[in-house]
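Structural overview
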Amino acid sequence: MTAVVPGTDPQIALAEEFGVRNYAPLPVVLSHGDGAWVTDVDGVRYLDALAGYSALNFGHRHPALTAAAHAQLDTLTLTARAFHNDRLPAFQRDLAALTGTEAVLPMNTGAEAVESAVKVARAWGYRVKGVRPGAARIVVAGGNFHGRTTTVVSFSDDPVARDDFGPFTPGFDRVPYGDADALAAALTDDTVAVLLEPVQGEAGVLVPPPGYLRAVRELTEQRGVLLVCDEIQSGLGRAGATLCTDLSGVRADLYTLGKALGGGIVPVSAVVGRRDVLGVLRPGEHGSTFGGNPLAAAVGSAVCALLATGEYQARARELGAHLDARLRALPGLTAVRGVGLWSGVDVDPRIGTGRDVCVALARRGVLAKETHGVTVRLSPPLVVTHDEVDVLVDTFGAVLADLSRG
Ligand SMILES: *Cc1c(COP(=O)(O)O)cnc(C)c1O
């Protein structure tokens, strides 16, 4: 197994000449994908243990999803929301049924869904809760990741995401993640919403203490505050349930969904939840040229159909338990966290950085991504097999052994 040598591949040279360095990709140039596997321009195959940060929960080119996209490409792709189209209403019905919600506001990217939820929560605060004009506040968690737009990075505490991008949007209060008492203390009469990831993916697959989400739900209910759960990464099967909050029996008022909702084919996101909350929006107040387009809706409906059987959620639970048990037996890791088929492992810094591990994994045919220095996030597609999970962990073990030999 050999990987591309940096600087020698013409695509990497082009990227260096014309691209913008807002990413630092591994030196691998992919040209084909199938299920849990991708192939590079030299024909080398890799197990995809990142799955597009969970945008590829159903693997690369799932036949049911590509068929839906192909069929829709041949009929109607875009109308703008100035007109109805014959795919969006069915998608909204399917997503509401899948998630047990009442209304669906379609957008494109995850950050847009979060922006939309922020706008809806504020409008609900003024029009329903009766908050003084301009005073609405939203409580968020430390270590959050909700996207890259200016309002969304306004309430991040990651200096890399924020520094030099201010001035920032006001109206947000940040409290430590997993601390219900701190959250209780931050709620005021002007608080319209609490916005949280049920498990923090980008932060390294941080699972909050048991009872946390339930406590947050009780507090928000008592104070007349909306609970908005960002399930763009944790939702749609990854955590072993349709929604990660299902695992703790909590229902949020609004959910943001994205990533896997587009089946790895097109960007599709949505805010789903209570009709009386989403219903505060009036015509013309919010929208998107591409949101809810027929191609996105057709793919989104096909994604809902895949998840409707529960097969993928069950795979995530079963394969995830196997992945977790095997990772815990590896020497060289200082922490293993996870839920469903979603793990964050911290590499002993004496062995190397997360980046060192990911470079070495790629050389051995496994693609993964580090986050925050020592952590490697593993989120293979939910179509991965038991044996492929073993390939992933065996390769991880071999890399840790290589690195600790120096
Ligand atoms: C990826 C992600 C987002 C942002 O989604 P984009 O499509 O990249 O804008 C927001 N929230 C969470 C939890 C995410 O994982």
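See the structure printed just above.
In this convention, every chain numbers its residues from 1, walking through the sequence in written order. Reporting in this predicted model follows two pLDDT cut-offs: at least 70 for local features of residues, and 80 or more for side-chain atom pairs to be given and counted; totals over whole chains, interfaces and linings ignore these cut-offs and use all residues. Excluding hydrogens and water, the side-chain values take into account all heavy atoms of the structure.

Here's the deal with empty space enclosed by the protein
For the record, the criterion: Cavity means a closed set of points on a 1 Å grid over the protein atoms alone, one where a 1.4 Å probe fits but cannot get out, pocket means an open set with protein on both sides within 12 Å along at least 5 of 7 lines, and lining means a residue has an atom within 4 Å of a point. Grid points are joined across faces, edges and corners, and a volume is the space filled by probe spheres set on the points. Put simply, DSSP H or I for four residues or longer makes a helix, DSSP E for two residues or longer makes a strand, and each gets a number counted from the N terminus. Note on residue categories: nonpolar means Ala, Val, Leu, Ile, Met, Phe, Trp, Tyr, Cys or Pro, charged means Asp, Glu, Lys or Arg, and polar means any other residue, Gly included.
On inspection of all chains with the given rule, the structure shows one cavity of 30 Å³ or more. Estimated volume of the largest cavity: approximately 30 Å³. Lining the largest cavity, in full, are Ala117, Val118, Ala121, Ile138, Ala193, Leu195 and Val228. Among the elements that make up the lining of the largest cavity, the one with the highest residue count is helix H5 (residues 110–129) (three residues). Class assignment for the residues of the lining of the largest cavity results in seven nonpolar, no polar and no charged.

Let's talk about the nonpolar core
For clarity, the threshold we go by: What we call a nonpolar core is a set of buried Ala, Val, Leu, Ile, Met, Phe, Trp, Tyr and Cys residues that are connected through their side-chain atoms within 4.5 Å. Categorising residues by exposure relies on relative accessible area from a 1.4 Å probe, with only protein chains included: less than 20% of the type maximum marks a residue as buried, more than 50% marks it as exposed, and the intermediate range marks it as partly exposed. Domains are outlined according to an automatic or database domain assignment. By definition in these notes, contact holds between two residues if any of their heavy atoms fall within 4.5 Å.
Leu95, Leu183, Val194, Val376 and Phe396 are the most contacted members of the largest nonpolar core, which totals 87 residues. Of the residues forming this core, the biggest block, nine residues, is contributed by helix H11 (residues 294–308). A domain split of this core shows at least three residues from each of domain 1 (10–61 + 311–404) and domain 2 (76–308). Not counting the four nearest positions on each side in its chain, Leu95 is found in contact with Thr101, Val104, Leu257, Leu261, Ala270, Val272 and Cys304. With 29 residues, the next largest nonpolar core counts Ala121, Phe155, Val192 and Val277 among its residues.

Looking at the packing of aromatic side chains
Condition: For Phe, Tyr and Trp, where Trp contributes only its six-membered ring, two rings pair if their centres lie within 6.5 Å, and the inter-plane angle classes them as stacked under 30 degrees, edge-to-face over 60, or tilted in between. Remark: a charge is flagged as sitting over a ring if the NZ atom of Lys or the CZ atom of Arg is within 6 Å of the ring centre and within 35 degrees of the ring normal.
The final tally for this structure, using the stated rule, is three aromatic pairs. Ring geometry for Tyr177 and Tyr212: centres 5.7 Å apart, planes at 75 degrees, overall edge-to-face. Taken together, the residues Tyr177 in the loop between strand S6 (172–175) and helix H8 (180–186) and Tyr212 in helix H9 (residues 212–223) connect sequence positions 35 residues apart. Both residues of the pair, Tyr177 and Tyr212, count as buried. The cationic tip of Arg45 hangs over the ring face of Trp37; the distance from NZ or CZ to the ring centre is 4.4 Å. Here Arg162 stacks its cationic end above the ring of Phe168, 4.1 Å away from the centre of that ring.

Comments concerning the side chain of Arg337
What counts is decided by this rule: Pairing of N or O atoms within 3.5 Å defines a polar contact, subject to two protein rules: one partner must be a possible hydrogen donor and the other a possible acceptor, and residues neighboring in sequence count only if both atoms are side-chain atoms.
Relative to the helices and strands, Arg337 resides in strand S11 (residues 333–338). For Arg337, a relative accessible area of 18% translates into the label buried. Polar side-chain contacts of Arg337 include one of 2.9 Å to the backbone oxygen of Gly204. Here the side chain of Arg337 touches Asp346 through a polar contact of 3.0 Å, side chain to side chain. Residues in contact with Arg337, not counting those within four places in the same chain, are Gly204, Val205, Leu206, Trp342, Ser343, Gly344, Asp346 and Thr375.

What to know about the pairing of strand S15 (residues 375–378)
Put simply, the test is: Paired strands, as defined in this entry, are two strands with at least two bridges between them according to DSSP.
Covered by surrounding structure in S15 are Thr375 and Arg377 together with Val376 and Leu378, the residues of both alternating faces. Strand direction decides the pairing type here: strand S12 (residues 343–347) and S15, joined by four bridges, are antiparallel. When the bridges of S15 are listed, Asp346 appears paired with Thr375. Here strand S14 (residues 369–371) pairs with S15 via three bridges, running antiparallel. In the sheet register, Thr371 faces S15, and the bridge partner there is Thr375. What sits between S14 and S15 in their antiparallel hairpin is a turn of three residues, with His372 showing a positive phi close to 50 degrees.

Shape is all these values report; function is a separate question.
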